[in-house]
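Overview (structure and organization)
Chain by chain, the residues run as shown.
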4 protein chains.
Amino acid sequence: MQKIKIGLIGYGGIGRVHAAAYRVIPFHYGLPADSIQIAAVATTREATARAAAEEIGCEIYSADYRELLARADIDAIDICTPNNAHHEIALAAAAKGKHIYCEKPLAMNEQEASEMAAAVQAAGLKAQLTFNFRFFPALARARQLMAEGFCGRVFSFRGRYHRSSYISADKAMSWRLQREITGGGALFDLGSHILDMLYFLLGDFASVNATLDTLIKRRPIAGGQGETAAVNVDDIALLQARLVDGTLGTVEISRMGTGATNDVVLEIFGDKGAMRFDLAEPAWLQVYDAREDDGARGFRKIETVGRYAGQRAPDWSMSPGFMRAHAECQYQFIRAIWDDTPPEPSFADGLHIQRIMAAAEASSARGGWVNVAE
Amino acid sequence: MQKIKIGLIGYGGIGRVHAAAYRVIPFHYGLPADSIQIAAVATTREATARAAAEEIGCEIYSADYRELLARADIDAIDICTPNNAHHEIALAAAAKGKHIYCEKPLAMNEQEASEMAAAVQAAGLKAQLTFNFRFFPALARARQLMAEGFCGRVFSFRGRYHRSSYISADKAMSWRLQREITGGGALFDLGSHILDMLYFLLGDFASVNATLDTLIKRRPIAGGQGETAAVNVDDIALLQARLVDGTLGTVEISRMGTGATNDVVLEIFGDKGAMRFDLAEPAWLQVYDAREDDGARGFRKIETVGRYAGQRAPDWSMSPGFMRAHAECQYQFIRAIWDDTPPEPSFADGLHIQRIMAAAEASSARGGWVNVAE
Amino acid sequence: MQKIKIGLIGYGGIGRVHAAAYRVIPFHYGLPADSIQIAAVATTREATARAAAEEIGCEIYSADYRELLARADIDAIDICTPNNAHHEIALAAAAKGKHIYCEKPLAMNEQEASEMAAAVQAAGLKAQLTFNFRFFPALARARQLMAEGFCGRVFSFRGRYHRSSYISADKAMSWRLQREITGGGALFDLGSHILDMLYFLLGDFASVNATLDTLIKRRPIAGGQGETAAVNVDDIALLQARLVDGTLGTVEISRMGTGATNDVVLEIFGDKGAMRFDLAEPAWLQVYDAREDDGARGFRKIETVGRYAGQRAPDWSMSPGFMRAHAECQYQFIRAIWDDTPPEPSFADGLHIQRIMAAAEASSARGGWVNVAE
Amino acid sequence: MQKIKIGLIGYGGIGRVHAAAYRVIPFHYGLPADSIQIAAVATTREATARAAAEEIGCEIYSADYRELLARADIDAIDICTPNNAHHEIALAAAAKGKHIYCEKPLAMNEQEASEMAAAVQAAGLKAQLTFNFRFFPALARARQLMAEGFCGRVFSFRGRYHRSSYISADKAMSWRLQREITGGGALFDLGSHILDMLYFLLGDFASVNATLDTLIKRRPIAGGQGETAAVNVDDIALLQARLVDGTLGTVEISRMGTGATNDVVLEIFGDKGAMRFDLAEPAWLQVYDAREDDGARGFRKIETVGRYAGQRAPDWSMSPGFMRAHAECQYQFIRAIWDDTPPEPSFADGLHIQRIMAAAEASSARGGWVNVAE
């Protein structure tokens, strides 16, 4: 089994999570400690790159990500930059034959996403997206049950991702509120997760009827004297959606979900059963089996930990942490390289999510249903 | 204090609930047992009317509701018939000067509802609708808190009413699935409740963007040999809505909410606070106060029972039952007669709900936003 | 079917609940309104008796309960007095051949309870206790499941009844805190309920190891000038218990359960399954079936309403109220008279609970295990 | 800041958790990757020691823990062996001047625990116990609130630790069921955690009244032909307890808590407030403030993450994992070495827990209250 050497590009909050997650993977899967290494790190400034290298324990660092791509001893790169750098880095990495692990959302827009998916496909590389929520045990179990037909014919679904991070009008303008850097607002940041979770369980989206809104339209400039700047991304996005198979559903996405830290809920209602995922208890899936006898039916909270091949996962057994889901997602990427299998979630998956988001923006602008590009 | 004599029209399941509720009101408010009487009952057949009278303990019964309206000793009527009889009975009752208590939704359509509201207004009568959910303690408390500005500027809201009563394709056709009798499907039956709850707390609706669907399009005829009939009402209704004050929200209504008995949830998110009502615990309101200190904030489940003037309400104190909310709603109607005050929820309120539902149907047909009539 | 005429003795808060509950029974069971009547009421003063009669709608009232017992047209009495009058009234009623419905706990002590149980047995009367919690749908369903062996061999159980009614040291002395009137404190008032629920599901108690404590030992006299009086009953009672079949369990009873309104929880753990009742949702029982496949097991919240013969129970269908459970309990008493069957819960059941409470008091005094009298 | 080199002794499930946790600490606190190293590992067999070293990424391994103690370049040892080796290893390590991090419970009995606490005290070493539950954010916040007097005078408390790991009578005999290896059963394994959590929040225990039981008394020998062996430890332990300040409480510990994976609950009831910790949501603490206005009081679920100095803790922010609490506990140990401050939880704390457990065993044998040794 080939040792995998990773070049990490970007080392903000999420870069740190990825780095830590790589270090614990061996303990979950009985691998040698040196089987997965972060060999190099790049940020945009030398000082931060050096500090990152010290924390990570790697020797190579740079203020230019291309130096990492140029190295023959780097097998894969992990992109943890803001969204507006994904496209450039991914295309450059593909050109250098590096496998790619990339934070979500895939890109700034459909055009970029489409080019990225095409590039990795053409190069025959492994390219995976950080849709880490798929790897919470309850969601993995939900996928199994859906595949087994547990819910029967699906009547409808619902998804929600609420945070309350921007409810204060005093909170300053930031890069997360600038379309030039992120491509979109709550829809891109939170919505990409919940849309992927629904897509993961239910399949392709056909059309959406969406309403996006910016609830606080100007915010103070950080460190300013009272000047404000315009917010040009959405704070809230409400979607009705039709899947390709005709199933109808609703999705609520908001950064103004007062009281929520990470309120992520997903529900599926079918003629044979129903299920409910709640991030508050990511090791437990709620299921309802309509086939059961009258007087015995009811929503059941099933434990979902430890049901997946190859795991030796002590930290799943109590409360599965955020980092654990990242580690699992990253491990799948590593395995795809080792086993030469298609990685999942792929850039193609990320492209579909990007298209749903693009359709949602178009729908909101127009005020009616818009088809998702195929 | 005048003794109130009521003529009850219709004695199916909900008529029985109303009748029982009238009988317990005196115990909750320290009134003489004979202060409120069901003096007469009418159904469409003499046998059922007689049986109803025996169960209720009244002497007068009839297979013709007009006989009740003709009696000088009947002060008020209570309409518990299917929706398609509301309009005719209410207009006839108004013509005879009877106060009216009517089951929801008000009518088959906006036109009927408008005529009914006009008729009782012109006649100077007390006319109230059975939006009994308003009278669960937690919702009453929510109204108080909204009036006090607890939530501050409202960012968004969400409402849900799910039942699972029709998930089986084997379930036979019934009058509840026939537009000629009900005027509408889940939207009318369940939606009228949740829309009124939102309107009660948040105010007038301005426009809606709705999708209605009939998930099971044909059903077997009861007692038939395999023949089926077409369902011509909605099973599910998904709404995005804008209030007059600009607030955005979402509403989910479904009879195919697998696993739900009566899953009724209402959420409001504002810059100062949030609240959540859940019918599963109708004596408790969840509130979040964003004004509190960091490290102390959180959703709080406040007990809401026993905070309203004049109640001696032992059965509120543990788990407030469905019938208790009906009794409270009916008592408000009686009080409006006694005190000559405007009843609430009024026929005008019912008309607004009818207009929201009409706009939702139009929106679904058209596939975009439709204004609610003023 | 004989019309039942009831004489109600005592008309405080609980007397009012009983009176209201009798009036709604016909609607739940399709009975004629006049099949069950409160024909007379007695309190200790003429003024309160007259007011009660007006509220109830009965003509006969008295300040001497013996006048009710003397009437040939009274079939049964319902004792809603403080505990210290139960024994005298029940014995007098038995002597007059009246059926008896009595509030819990049965008596002031084991001696009284024993005499009461013997008296009604000797007289061949129907005598039932208000252990109304048995009649919440979820507890009735729990009993069915226990009878079917759902839990298998029971490993252990737990019961809790917490209220927070006395947490303030400023709360004045009251009759509920005086042993002369109540016979005991939290153990008698709250404990009798939870002990009966456990007994109902699990069978006879053999021994207990209990600790009782009075947490606030003196309280101000109501309307006084700062004088205080000693509290001579328990505020809290913690029990370990062994059933006759050897099963071990624990019970927590407290009036100082800060934050609780009526926190009533019951859990049973067995080798085949587990169950959990929570009064917060009295229509839902949580069950866990250990026989199910790995990956499907989990606590399930089953709906328990409407599964019992003869009910036409609209108010069960949403949230079953406190009064509804009383109505059901009272109806069982009426049925026992009509059908000449043994009433349940009987005075003999009440005597067993009284013996458990007596053993708990003895155990606490001694500091170790004490056997429950047979 | 001195680099810390750790010798890990024992590499079963919990050893792996400790090893992984050390590796992620730098990312949570901005430390250089090499500031904390597992430099050596010892197990009882060379093959397992070598495999462990490969997974951990350290060069030194041994089948004799004394080789680790003999090395000058090892600063501290981490004891992850079964309980019966703690005493010998800790005393040997203290003699060699190594700081000690030890899994719970501290020892096989009070005598051993007492000697261990004395040895590290005499040697002036840092010695800490793995009471990792203290480090879940909600419990850390509970401690803060208790220190601020949030609950006022405490009336009572309750603790529970339930697992269902041994409900099947077919489950084979194992070392966890042998007193010779573990010192005790559920009381030692699960009880030590919940007792420490209560002690952490409430202070010293004075006496206990306990009942321990072995519910399945014989189990099949693994891989045998139907032979069975006697279980000589408890499956269940029920405690009543008095703290030194007089507070009364109850504790439930069971390995036969059917349906539970790790059901850990702690409740405190006081005249000013109440609190509730539930391991199912370890980032949220439920608190009730009795000082608040009537109509505003209620249990509140407060978010507790990210409130502690020095943390950069991305994985706390969603769902804090089991490993994260271990990392935090281990970091406190490292900090105690770096800052030369007393480690917490200390061996003295572990000794107090051991004494409570010893008193519980004595109490169960005798059937009454037993004082906890001072």
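This structure is a prediction, so every number in the text was calculated from the model and none was measured.

**Quick look at the overall build of chain A**
Counting its regular elements, chain A contains 10 helices and 17 strands. By the compact-globule yardstick of 21 Å for 374 residues, chain A fits well, its C-alpha radius of gyration being 21 Å. Taking all 374 residues of chain A together, the buried fraction comes to 64%. At a minimum sequence separation of 6, the contacts of chain A that also span at least 24 residues come to 71%. Working note: accessible area of chain A is about 12400 Å², and carbon and sulfur atoms make up 47% of it. Within chain A, one finds 39 positive and 45 negative side-chain charges whose respective centroids are separated by 1 Å.

**Regarding the relation of the copies chain C and chain D**
It takes a turn of 180 degrees to lay chain C on chain D, together with a shift of 0.0 Å along the axis; the resulting RMSD is 0.0 Å. Expressed as a symmetry operation, the mapping of one chain copy onto the other fits a two-fold axis. It is C:G368 whose C-alpha, among those of chain C, lies nearest the rotation axis, at 2.2 Å. The overlap is high: 100% of the interface residues of chain C also sit at the interface in chain D, so the same surface is used on both sides.

**Concerning the interface of chain C and chain D**
Many structure descriptions define interface size as the accessible area lost when the parts assemble. The partner chain D presents 38 residues to the 38 residues of chain C that form the contact. Together chain C and chain D conceal approximately 3000 Å² of surface at their shared face, both sides included; 56% is due to carbon and sulfur atoms. Among the residues of chain C in contact with chain D, C:F155, C:Q240 and C:T258 are the three that bury the most area, contributing 20% of the side total. Linking chain C with chain D are 6 salt bridges, by the criterion used here. Residues belonging to the side of chain C that touches chain D are distributed by class as follows: 16 nonpolar, 14 polar and 8 charged.

**Focus on the interface of chain B and chain A**
Across the boundary between the two partners, chain B contributes 38 residues, which contact 38 residues of chain A. Both sides of the chain B and chain A interface together cover about 3000 Å² of buried area, and 56% of this is carbon and sulfur. On the surface where chain B and chain A come into contact, there are 6 salt bridges. With a closest N to O distance of 3.4 Å, B:E252 and A:R158 form a salt bridge. Linking chain B to chain A there are 17 residue pairs in polar contact (both at pLDDT 80 or more). Mapped onto the side of chain B that touches chain A, the elements with two or more residues apiece are strand 7 (154-162), strand 8 (205-213), strand 11 (236-243), strand 12 (248-254), strand 13 (263-270) and strand 14 (273-278) of chain B. Each residue belonging to the side of chain B that touches chain A can be placed in one class, and the counts come to 16 nonpolar, 14 polar and 8 charged.

**Side note on the sheet that holds strand 2 (residues 36-42) of chain B**
Residues and elements named next belong to chain B. Ordered in space as 3-2-1-4-5-6, the 6 strands form an open sheet in which the pairing is parallel. For this open sheet the edge positions go to strand 3 (60-62) and strand 6 (127-129), each flanked by a neighbour on one side alone. Strand-to-strand twist of the sheet, defined as the mean angle between neighbouring strand axes without regard to direction, takes the value 20 degrees. By the bridge criterion, 4 bridges tie strand 4 (residues 76-79) to strand 5 (residues 99-102) in an arrangement that is parallel. Residue pairing across strands places A76 opposite H99, the latter belonging to strand 5. In the packing of helix 9 (residues 322-339) onto the sheet, contacts are made with strand 1 (4-9), strand 2, strand 4, strand 5 and strand 6, and the angle to strand 5 comes to roughly 165 degrees. In this fold helix 10 (residues 347-366) packs onto strand 5 and strand 6, with an angle of close to 45 degrees to the strand it touches most, strand 6.

**Brief notes about unusual backbone geometry**
For the peptide bond that leads from C:K104 to C:P105, omega is -15 degrees, which places it in the cis range. Along the chain, the position of C:P105 falls in the loop between strand 5 (99-102) and helix 5 (110-123). The phi dihedral of A:D340 falls on the positive side, at around 50 degrees, and the residue is not glycine. Checked against the element boundaries, A:D340 lands in the loop between helix 9 (322-339) and helix 10 (347-366). Exposure remark for A:D340: the relative accessible area of 59% places this residue in the exposed category.

**Some thoughts on the packing of helix 8 (residues 186-202) of chain D against helix 10 (residues 347-366) of chain D**
A pair of packed helices can be characterised by two numbers: the angle between their axes and the separation between those axes. All names here are of chain D. Look at helix 8 against helix 10: their axes get within 10 Å of each other, and the N-to-C directions meet at 120 degrees. The orientation of helix 8 with respect to helix 10, classified from their angle, is oblique. Handedness of the helix 8/helix 10 crossing: right-handed. Along the contact surface, helix 8 presents L187, F188, S192, L195, D196 and Y199, while helix 10 presents D349, H352, I353, Q354, I356, M357, A360 and E361.

**Let's talk about the pattern of salt bridges**
Residue and element names in this part refer to chain A. Counted according to the given criterion, the structure contains 128 salt bridges over all chains. Here D189 ties to K104 by a salt bridge, and the two come within 3.2 Å at their closest N and O atoms. With a gap of 85 residues between them, D189 in helix 8 (residues 186-202) and K104 in the loop between strand 5 (99-102) and helix 5 (110-123) connect regions that are remote in the sequence. With respect to class, D189 is no different from K104; both count as buried.

**Here's the deal with the relation of the copies chain B and chain A**
Overlaying chain B on chain A yields an RMSD of 0.0 Å, the required transformation being a rotation through 180 degrees with an accompanying axial translation of 0.0 Å. Comparing interface residues between copies, 100% of those in chain B also lie at the interface in chain A; the contact surface is shared.

**As for the environment of A:S174**
Mapping A:S174 onto the fold places it in the loop between strand 7 (154-162) and helix 7 (179-182). Between the alpha carbons of A:S174 and A:A229 there is a distance of 9.8 Å; along the sequence they are 55 residues apart.

**Observations regarding helix 5 (residues 110-123) of chain D**
All names here are of chain D. Between the first and last C-alpha of helix 5 there are 20 Å, a value that for 14 residues agrees with the 20 Å anticipated at 1.5 Å per step. With a side-chain oxygen lying 3.2 Å from the backbone nitrogen of Q111, the N-terminal cap of helix 5 falls on N109. Residue G124 follows helix 5 closely and has a positive phi angle near 65 degrees.

**Focus on the environment of A:F27**
Residue and element names in this part refer to chain A. Positionally, F27 belongs in helix 1 (residues 13-29). For F27, a relative accessible area of 1% puts it in the buried group. Along the backbone, F27 and D340 are 313 residues apart, and their C-alpha atoms lie at a distance of 23 Å.

**Description of helix 6 (residues 137-147) of chain B**
Residues and elements named next belong to chain B. When you tally the buried positions in helix 6, you get 8 out of 11 residues, the bulk of the element. Residues of helix 6 that are buried: P137, A138, L139, A140, R141, A142, L145 and M146. Looking one or two residues past helix 6, G149 carries a phi angle of roughly 80 degrees, positive in sign.

**Side note on the sheet that holds strand 5 of chain C**
Residues and elements named next belong to chain C. Overall, parallel pairing links the 6 strands, which are arranged 3-2-1-4-5-6 in an open sheet. Unpaired on one side and paired on the other, strand 3 (60-62) and strand 6 (127-129) mark the two borders of the sheet. Here the strands of the sheet are splayed against their neighbours by 20 degrees on average, with no regard to which way each runs. In this structure, strand 2 (residues 36-42) lies alongside strand 3, joined through 3 bridges in parallel fashion. Along strand 3, the bridge assignment pairs V41 with Y61. Along the sheet, helix 1 (residues 13-29) contacts strand 1 (4-9), strand 2, strand 4 (76-79) and strand 5; its crossing angle with strand 2, the most-contacted strand, is approximately 160 degrees.

**Some thoughts on the pairing of strand 12 (residues 248-254) of chain C**
Taken residue by residue, a regular strand's side chains alternate between the two faces of the sheet. All names here are of chain C. Across the 7 residues that make up strand 12, a large majority, 7, are buried. On strand 12, burial covers both faces: L248, T250, E252 and S254 on one face and G249, V251 and I253 on the other are all buried. One ladder, built from 7 bridges, connects strand 7 (residues 154-162) with strand 12; its direction is parallel. Bridging across to strand 12, G159 finds its partner in V251. Direction of pairing for strand 11 (residues 236-243) relative to strand 12: antiparallel, over a ladder of 7 bridges. Bridge pairing in strand 12 places A237 opposite I253.

What counts as what
- Residues numbered from 1 in each chain as written.
- Chains lettered and ligands numbered in written order.
- Predicted model: local features only at pLDDT ≥ 70, side-chain atom pairs only at ≥ 80, totals over all residues.
- Heavy atoms only, no water.
- Helix = DSSP H or I, 4+ residues; strand = E, 2+ residues; numbered from the N terminus.
- Rg over C-alpha atoms; globule rule 2.2 N^0.38 Å.
- Buried < 20%, exposed > 50% of the residue type's maximum accessible area, 1.4 Å probe, protein only.
- Contact = heavy atoms within 4.5 Å.
- Areas by Shrake-Rupley, 256 points an atom, 1.4 Å probe, with all protein chains shown as cover.
- Lys, Arg positive; Asp, Glu negative; His and termini not counted.
- Charge placed at Lys NZ, Arg CZ, Asp CG, Glu CD.
- Least-squares fit on C-alpha atoms with pLDDT ≥ 70 in both.
- Buried area = accessible area lost by both parts, 1.4 Å probe.
- Salt bridge = Lys/Arg side-chain N within 4 Å of Asp/Glu carboxyl O.
- Nonpolar A, V, L, I, M, F, W, Y, C, P; charged D, E, K, R; others polar.
- Polar contact = N/O pair within 3.5 Å; in protein donor to acceptor, adjacent residues only side chain to side chain.
- Pairing = 2+ DSSP bridges.
- Axes fitted to C-alpha atoms, helices over the stretch in contact; angles between N-to-C directions.
- Parallel < 35°, antiparallel > 145°, perpendicular 65-115°, else oblique.
- Left-handed = near helix turned anticlockwise from the far one by under 90°.
- Expected span 1.5 Å × (residues − 1).

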